Amino acid sequence: MLPVFLHIESSPNLQESQAFQQYIGLAPQLMQQYGGVPIASYDVEEALDGGRSPKAFVVVSFPDREAIYAFFNDPAYQAIIPLRDKAFAHLRFFITSERI
């Protein structure tokens with residue numbers, strides 16, 4: 001079975017730096033409990049279409065799609081969603097798989 005990836009595009013809410021620090025201190029630990037392993041993070045320099053772009057992309061490998069859903073449905077993660085929503089001006093998640 002091929003691993004799946006969680007791609008995260010995000011821009012922090014600059015007025016909520018404390019919420020941002022708290023969220024990024026908690027979410028990766030929870031993610032690891034479900035086999036999530038960060039494999040890359042990128043700073044976005046510009047959007048070539050001239051539109052607004054996120055500040056960063058992060059790629060996290062998971063053993064399977066069910067592990068991603070279990071992570072998001074974990075009560076501990078659900079409890080930090082209000083913190084997440086304050087911490088980011090933009091946040092979008094994608095589940096991807098690799099073509100071979």
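Fair warning: this is a prediction, and the values are worked out from it, not measured in the lab.

> An account of the environment of D85 is requested, with residue identities and associated values reported.
Mapped onto the elements of the fold, D85 is located in helix 4 (residues 81–87). What makes D85 partly exposed here is its relative accessible area of 48%. As for D85 and V59, which are separated by 26 residues in sequence, their C-alpha atoms are 20 Å apart. A polar contact is formed between the side chain of D85 and the side chain of R84, at a distance of 3.2 Å.

> Describe in detail the layout of surface pockets, supporting the description with residues and values.
A volume near 360 Å³ is recorded for the largest pocket. Along its surface, the largest pocket is lined by 19 residues, and I8, Y23, I24, P28 and V58 are the ones closest to its centre. The set of elements that each furnish at least two residues to the lining of the largest pocket consists of strand 1 (4–12), helix 1 (17–33), strand 3 (56–62), helix 2 (65–73) and strand 4 (88–97). At 6 residues, the largest contribution of residues to the lining of the largest pocket is made by helix 1. Classifying every residue of the lining of the largest pocket by side-chain character gives 18 nonpolar, 1 polar and no charged. Of the volumes computed, that of the second largest pocket is approximately 210 Å³. Every residue lining the second largest pocket is listed: E9, S11, P12, L14, R52, S53, P54, K55, A89 and H90. Broken down by element, the residue count for the lining of the second largest pocket peaks at 3 residues, all from strand 1. Tallied by class, residues from the lining of the second largest pocket come to 4 nonpolar, 3 polar and 3 charged.

Parameters and conventions
- Residues numbered from 1 in each chain as written.
- Predicted model: local features only at pLDDT ≥ 70, side-chain atom pairs only at ≥ 80, totals over all residues.
- Heavy atoms only, no water.
- Helix = DSSP H or I, 4+ residues; strand = E, 2+ residues; numbered from the N terminus.
- Buried < 20%, exposed > 50% of the residue type's maximum accessible area, 1.4 Å probe, protein only.
- Polar contact = N/O pair within 3.5 Å; in protein donor to acceptor, adjacent residues only side chain to side chain.
- 1 Å grid on protein atoms, 1.4 Å probe; cavity = no way out; pocket = protein on both sides within 12 Å on 5 of 7 lines; lining within 4 Å.
- Points joined across faces, edges and corners; volume = space filled by probe spheres on them.
- Nonpolar A, V, L, I, M, F, W, Y, C, P; charged D, E, K, R; others polar.

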